[in-house]
Amino acid sequence: MAVKADKAATLLKNGGDKLKAGSAKLYALAKDPEVQAKAAKLLQEGKRMYRAATTPEAKQAYRQAAEFINKSRKK
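Residues numbered from 1 in each chain as written. Predicted model: local features only at pLDDT ≥ 70, side-chain atom pairs only at ≥ 80, totals over all residues. Heavy atoms only, no water.

Asker: Would you mind showing me how to read the overall build of the protein here?
Answerer: Scanning the protein from N- to C-terminus turns up three helices and zero strands. Along the protein, helices and strands appear, N-terminal first, in the series α-α-α. Taken over 75 residues, the protein has a buried fraction of 0%. Element-wise, carbon and sulfur atoms account for 65% of the exposed surface of the protein, whose accessible area totals about 7,200 Å². When the 18 basic and 7 acidic side-chain charges of the protein are each reduced to a single mean position, those positions are 6 Å apart. (Helix = DSSP H or I, 4+ residues; strand = E, 2+ residues; numbered from the N terminus. Buried < 20%, exposed > 50% of the residue type's maximum accessible area, 1.4 Å probe, protein only. Areas by Shrake-Rupley, 256 points an atom, 1.4 Å probe, with all protein chains shown as cover. Lys, Arg positive; Asp, Glu negative; His and termini not counted. Charge placed at Lys NZ, Arg CZ, Asp CG, Glu CD.)

Asker: I'm lost on a positive patch on the surface in this one. Help?
Answerer: On the surface, K41, K47, R48 and R51 cluster together into a positively charged patch. By the element assignment, K47 lies in helix 2 (residues 33-53). (Patch = residues over 30% accessible without salt bridge, like charges linked within 9 Å, V, L, I, M, F, W, Y side chains within 5 Å. Salt bridge = Lys/Arg side-chain N within 4 Å of Asp/Glu carboxyl O.)

Asker: I tried to follow the environment of Q36 on my own but got confused; where do I start?
Answerer: Relative to the helices and strands, Q36 resides in helix 2. Polar contacts involving the side chain of Q36 include one to the main-chain carbonyl oxygen of A30, which spans 3.0 Å. (Polar contact = N/O pair within 3.5 Å; in protein donor to acceptor, adjacent residues only side chain to side chain.)

Asker: Looking at this structure, how should I read the confidence of the model for the protein?
Answerer: On average, the protein scores 87 in pLDDT, and the residues at 70 or more come to 96%. Mean pLDDT values over the elements of the protein span from 82, in helix 1 (residues 2-31), up to 94, in helix 2. (pLDDT = per-residue confidence, 0-100.)

Asker: Please explain the environment of K20 as it appears in this structure.
Answerer: Its location among the elements puts K20 in helix 1. Each C-alpha atom, one on K20 and one on Q64, is 52 Å from the other, the two residues being 44 residues apart in sequence.

Asker: For this particular structure, what's the right way to read the environment of K18?
Answerer: Tracing the backbone shows K18 in helix 1. Note: C-alpha distance between K18 and A58 (40 residues apart in sequence) is 47 Å.

And the structure:
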């Protein structure tokens, strides 16, 4: 039984060390100005796409396409 407890403790310690190393890498990556610029650019692009998809014209086009698809399926 003691051997299993030692193995479990070792696994927990190794897992904690791996978690610390991974979080340090992630933190360093998040602090990188180039990555921050890419994330900001993607955010702005996503906002533009959302605004374009939620315009009344886009909603009307979606309704027309859905109506056409439904009519095509019925035939």
